[in-house]
Structure formats: C-alpha cells, structure tokens
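For reference, the chains in residue letters:
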Amino acid sequence: MPDKLMPNNKHHAIVIGINNYPLIGLDPLKGPVNDANDFCAWLRDPAGGNLPPENIQRVLSSDFNPKDALPTPNQVETLFEKFIGDYYDGKKEGERLYIFTSGHGFGDPRDIGKTALYAANAKRMFPWHIAVTDYAEWLRSHAVFDEIVLIMDCCRTVNLPYEIREPQYVVGQGSIGADSVRYFYAFAARRGSAAKERKFEDGRISGIFTKALLDALKVASPDAQGQVTGQQLKNHLHNSIGRFAGNVTIKPPDIMLDSTQDIVFCKRKAAATIPVKVSLTAYTGAETLVLYDGSFREIRQVQATTSPLTLALEPGLYKIAVKNTGRQKIIEVPNNEQITV
C-alpha cells in the first residue's frame, strides 16, 4: 500500500458525470457516470486518494430523471461556491482540490486554454455549460488550495459560435501566493479533438482516458526518490493509453503540470523491469538504438555493442528504432520479450 504524504482530510474533490443531453441533439453517452463513480471510488480508497466521504462533492446525471435535462449549470457551479466564498471570508480551504469531469465538452474558439463541459440542458442556440477551466484557474490564481488537480474526460472540439462564458463570480486580483500553487491539468483530448469511450472487459462502458488514468494512479512507477509525481503519471499515461484503447483510434492525452514544483501523488517502490532481448539484422557493431515511449517521444539512445543485447524495460508500449536505417518495431512489454529489428 502506498504511503500517503499528506493528511487527506485536507484534500477535497468535485466530481461531475453527465451522460444525457436530451435537448441539444448530442448522442447520449454511457461512460461519464461510470467514470465519475470509478474516480470517486479511487478518492475514497485508503490506497488511493483516501479522502473522507464528506470532502467529496459530486453531481451525476443519474441522480435525476433522464428526461429532465439535469443537471443545469447552476446545479454544478454550486459545488464551487463554497470554496470561492470562503476565500473572501479569509478561510484557507486545504492542501489539494481534485476536479473531475466527464461528459460532452468543447474548447473555446478564441482561447486555446479554455475547456467547458456541456450541462445536460444545453440547446443548440443556448449551449449552457460549465466553464471548468475558468473555475480551476480562479482557484489557482487566488491560492485557495496549495494544489489543483484538474481531470477532464470530455471532447475539446471547437464550434465557432460556442464561446465559453466566464462564471459569474467576483473578479479578484489574485493572490501573491499563486505562483507557489502546484497544478496537474489532464485532458482526455487535445484541443480540437474528441474524447473516446468503449466497452471494457468488465462489460461496462467507460472513458478510455479515465480507465488509463486510474490504472496510472495505481501502478505508475515512482521517480528515484520513490515518489509518484505528476511527471511520472504523465509519462505512464502517454506510454500506456494505447493498451486501453482496444480497437479505438486515440491520440495521447494533453497534460500540463508545473515542472518546477511537481505534485506528489504518493510513494511506492519502483516497478520491476522486464528484460527484452533485441537482435539486430545485419549487425555491423556501430548501430545506435533509439527508444521511444507509447506516444513516440524519444526516451533515450543506446549504443549497441553486441547483438543481441538486452534492455530492461518497465511494462508499457514502446517503439525501438535503429538510427539512420529506417528499421523500427513497436512492441508491448510484457508480450514482446524477444524481438528482431
């Protein structure tokens, strides 16, 4: 069981899952409520977020009659009001806030950093929505929490008439402590792209990103200090999400974090590596292997002093290429412990 670094009664969460959009003509979803429930289960798990139930606020479309087009923006935005009101009352909320949303969403046509979640009562001429990234940024810029973890499993497609409306909170000047607020913002889709869901082996439909994220939170390898940081989580997600996509074509998630003061999610022992034997065709004694992660970002280069040679790799998806030859191979570890490139 991981050792938690911070007392989690000082951690809070807002969880939103919306399946049904009966007025706008968007196809109903089947995964968001499952995603929200699964994330809540991780938040409550002593080996996960370990939050007390009273610190978790949530609103799900399954809480309402599916024909009633609920929740509305007001029913969701109420979850943020306490934290904003307490800030003006001079109260410090806690160490970390998780914001998790799943449903139909969109990106702002003018501001590439903004993403909103459609409310269940959205209509074509009245695209009611919750400006989730605005809320996260307000709480971060006013240092209401020491850390903000924002997770959005929704589309970020852009429709020119649909501009994200700033929430009706009082506009503040921010806080002198804002620069010290650590953050981890994770989006299932890059701007202009769609998020995907599918049926998994357990028979339930879930968001592919949420499924991969929860796996990463449980098994991502720690850094040299034994800490599972935001960067470690990002690396694991980019390397593993292809395994959760099945036959669905999916792009890597969009993850932003503070590189100078990273969030620490937990501590645990490093995962065991698996030896992968790589044989080189027409070996000349001077080849260089280039190793990429599942998002095809270069990890490192290895001088091949012999063939075959053995690489110690953690479980995940990789591409191995022989530099300047065009020879390459995509492998999954485990499953490909002996390969020829």
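Given the structure is predicted, the values throughout are model-derived calculations rather than measurements.

Helices and strands together make up the secondary structure of the protein chain, namely five helices and 20 strands. Computed over the C-alpha atoms, the radius of gyration of the protein chain is 22 Å, within 12% of the 20 Å expected from 2.2 N^0.38 for a compact globule of 341 residues. Principal-axis analysis of the C-alpha atoms places the extent of the protein chain at approximately 70 × 40 × 40 Å. Out of the 341 residues in the protein chain, the part that is buried amounts to 52%. Of the accessible surface of the protein chain, which amounts to about 15,700 Å², a share of 50% is contributed by carbon and sulfur atoms. The average position of the 39 basic charges and that of the 38 acidic charges among the side chains of the protein chain differ by 5 Å.

A separate point is the packing of helix H1 (residues 32-44) against helix H4 (residues 208-219). Each pair of packed helices can be summarised by the angle the axes make with each other and by the distance between the axes. Relative to each other, H1 and H4 sit at 10°, their axes nearing to 10 Å. By the angle between their axes, H1 is roughly parallel relative to H4. Taking contact as the criterion, the partners of Asp35, Asp38, Phe39 and Trp42 in H1 are, on H4, Thr210, Leu213, Leu214, Leu217 and Lys218. Classifying every residue of the contact of H1 with H4 gives five nonpolar, one polar and three charged.

Attention now moves to H4. In this model H4 runs 17 Å from its N-terminal to its C-terminal C-alpha over 12 residues, within 8% of the 16 Å that 1.5 Å per residue would give. What H4 keeps buried is the set Ile208, Phe209, Thr210, Ala212, Leu213, Leu214, Ala216 and Leu217.

A separate point is the pattern of salt bridges. If you walk through the whole model with that rule in mind, you get 12 salt bridges. As a salt-bridge pair, Asp38 and Arg204 come within 3.1 Å of each other at their nearest N and O atoms. Placement of the pair is Asp38 in helix H1 and Arg204 in the loop between strand E9 (197-199) and strand E10 (205-207), with a sequence separation of 166 residues. Residue classification places Arg204 among the partly exposed residues on the basis of a relative accessible area of 27%. When the shortest N-O distance is used, the salt bridge between Lys114 and Asp134 registers 3.6 Å. Of this pair, Lys114 sits in the loop between strand E4 (105-107) and strand E5 (115-118) while Asp134 sits in helix H3 (residues 132-141); the two residues are 20 residues apart in sequence, bridging distant segments of the chain. For the residue pair Lys114 and Asp134, the accessibility class agrees, reading buried in each case. Overlapping salt bridges bring together Asp38, Asp202, Arg204 and Lys211 as one network.

Sheet strands associate in pairs through backbone hydrogen bonding, adopting either a parallel or an antiparallel arrangement. As summarised here, the arrangement of the four strands in space is E16-E15-E18-E19, forming an open sheet in which the pairing is antiparallel. Every interior strand has two partners, whereas the edge strands, strand E16 (298-303) and strand E19 (328-333), have only one. Between one strand axis and the next, the sheet turns by 25° as a mean value, whatever way the strands run. As defined by bridge partners, strand E15 (residues 288-292) adjoins E16 across five bridges and the pair is classed as antiparallel. Of the residues in E16, the one forming a bridge with Leu289 is Val302.

Let's shift gears to a nonpolar patch on the surface. On the surface, a cluster of nonpolar side chains totalling about 360 Å² of accessible area is made up of Met125, Phe126 and Trp128. Secondary-structure assignment places Phe126 in the loop between E5 and strand E6 (129-130). Overall, Phe126 belongs to the partly exposed group, its relative accessible area being 45%.

A few words now on the sheet that holds E4. Spatially, the three strands line up as an open sheet ordered E4-E5-E6, and their pairing is antiparallel. Each edge of the sheet is formed by a strand with only one pairing partner; in this case those strands are E4 and E6. Direction of pairing for E5 relative to E6: antiparallel, over a ladder of two bridges. Looking at E6, one finds that Tyr118 is bridged to His129.

Here we come to the packing of aromatic side chains. For the coordinates displayed, the defined rule picks out 17 aromatic pairs. Aromatic side chains Phe39 and Tyr98 sit 6.1 Å apart centroid to centroid with 70° between the ring planes, which places their arrangement in the edge-to-face category. Here Phe39 is found in helix H1, whereas its partner Tyr98 is found in strand E3 (residues 94-102), with 59 residues between them in sequence. Of the two residues examined, Phe39 and Tyr98, each falls in the buried class. An aromatic cluster is defined as three or more aromatic residues linked by ring pairs; in this entry it consists of Phe80, Tyr87, Tyr88, Tyr135, Trp138 and Tyr169. A cation sits over an aromatic face here: Lys319 above Tyr292, 4.5 Å from the ring centre.

Conventions used here
Residues numbered from 1 in each chain as written. Predicted model: local features only at pLDDT ≥ 70, side-chain atom pairs only at ≥ 80, totals over all residues. Heavy atoms only, no water. Helix = DSSP H or I, 4+ residues; strand = E, 2+ residues; numbered from the N terminus. Rg over C-alpha atoms; globule rule 2.2 N^0.38 Å. Buried < 20%, exposed > 50% of the residue type's maximum accessible area, 1.4 Å probe, protein only. Areas by Shrake-Rupley, 256 points an atom, 1.4 Å probe, with all protein chains shown as cover. Lys, Arg positive; Asp, Glu negative; His and termini not counted. Charge placed at Lys NZ, Arg CZ, Asp CG, Glu CD. Axes fitted to C-alpha atoms, helices over the stretch in contact; angles between N-to-C directions. Parallel < 35°, antiparallel > 145°, perpendicular 65-115°, else oblique. Contact = heavy atoms within 4.5 Å. Nonpolar A, V, L, I, M, F, W, Y, C, P; charged D, E, K, R; others polar. Expected span 1.5 Å × (residues − 1). Salt bridge = Lys/Arg side-chain N within 4 Å of Asp/Glu carboxyl O. Pairing = 2+ DSSP bridges. Patch = residues over 30% accessible without salt bridge, like charges linked within 9 Å, V, L, I, M, F, W, Y side chains within 5 Å. Phe/Tyr/Trp six-rings, centres within 6.5 Å; stacked < 30°, edge-to-face > 60°. Lys NZ or Arg CZ within 6 Å of the ring centre and 35° of its normal.

By themselves, these figures tell us nothing about what the structure is for.
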